[in-house]
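# What the coordinates show
Spelled out from the first residue to the last, the chains are:
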Amino acid sequence: RSAPRLAGTMFKSLLEAHNDAQSKRKDDADASRREAFHALDAMNDALADAVSGDVHDVFEAQKKIEERSRELREKSVRFASVTGEWTRFLNNFDDALRGIGDFERWVKEVEFDLNNLTGVMKYVEEGAEEERGGADAGDEDGNE
C-alpha cells in the first residue's frame, strides 16, 4: 500500500505543480492582456487626440480662409465700385474735353466768318469809296 500511496502523493504533487504552473501562466497571460488593452487604449486616445487636434487645426484654417475670402470679396466689390466711379469720372472728363474741342472749333469758325465779313466789308467800303471818289471827280469836271 505504501507504493500506491507514494505514487498517489507524487502524482498529487505533480498535479499541484502543474496546476500552479498553469495558474501562473494564466495569470501572466491575463496581466499581459490587461497591459495590452491599456496600451491599446492609450494608443487609441493618443491617435484620437492627434486626429482631433488635426481636425481642429483644419477647422480653424478653414474659418480663417472663409474670413479672408469674405474680406477679399468685400474689397473686390469696393474696388469695382471705385473703379466704376473713376470710369464715369474719366468719361465725363473726356466728354468735357471733347466739348472744349468743339467749342474751340466753333470759335475758329466764328473767327473765320468774322474775318470773311471784315474782308467783304472792307471790299464793299473800298468799292463805295471808289464810287464816291469817281463821283467827286465828275463834280469837279462840271458835270452835275
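The structure we're discussing is the one just above.
Structure report, in brief.

### A few points about the overall build of the protein
From N to C terminus, the protein includes one helix and zero strands. Taking all 144 residues of the protein together, 0% fall into the buried category.

### What about the pattern of salt bridges?
The tally for this structure, following the rule as stated, stands at eight salt bridges. Ionic pairing is found between arginine 33 and aspartate 30, a salt bridge with its closest N-O pair at 2.7 Å. A residue pair is termed a helical-turn pair when its members lie 3 or 4 positions apart in one helix, as arginine 33 and aspartate 30 do in helix α1 (residues 2-140) at three residues. The partly exposed category is assigned to arginine 33, whose relative accessible area is 44%. Taken together, the shared-partner salt bridges connect Glu67, Arg70 and Glu74 into one network.

### Notes on a negative patch on the surface
Together, Glu125, Glu126, Glu129, Glu130 and Glu131 line one region of the surface with negative charge. On the secondary structure map, glutamate 126 appears in helix α1. Of the residues examined, glutamate 126 reaches a relative accessible area of 45% and is grouped as partly exposed.

### What to know about the packing of aromatic side chains
Tallied over the entire structure, the rule returns three aromatic pairs. Seen in terms of ring centroids, phenylalanine 89 and phenylalanine 93 are 6.4 Å apart; in terms of plane orientation they differ by 15°. Their pairing is stacked. Placement of both phenylalanine 89 and phenylalanine 93 in helix α1 is noted, with a separation of four residues, approximately one turn of the helix. Overall, phenylalanine 89 belongs to the partly exposed group, its relative accessible area being 48%. On the basis of relative accessibility, which here comes to 47%, the residue phenylalanine 93 falls in the partly exposed class. Three or more aromatic residues joined by ring pairs form one cluster here, namely Trp86, Phe89 and Phe93.

Criteria and cut-off values
Residues numbered from 1 in each chain as written. Predicted model: local features only at pLDDT ≥ 70, side-chain atom pairs only at ≥ 80, totals over all residues. Heavy atoms only, no water. Helix = DSSP H or I, 4+ residues; strand = E, 2+ residues; numbered from the N terminus. Buried < 20%, exposed > 50% of the residue type's maximum accessible area, 1.4 Å probe, protein only. Salt bridge = Lys/Arg side-chain N within 4 Å of Asp/Glu carboxyl O. Patch = residues over 30% accessible without salt bridge, like charges linked within 9 Å, V, L, I, M, F, W, Y side chains within 5 Å. Areas by Shrake-Rupley, 256 points an atom, 1.4 Å probe, with all protein chains shown as cover. Lys, Arg positive; Asp, Glu negative; His and termini not counted. Charge placed at Lys NZ, Arg CZ, Asp CG, Glu CD. Phe/Tyr/Trp six-rings, centres within 6.5 Å; stacked < 30°, edge-to-face > 60°.

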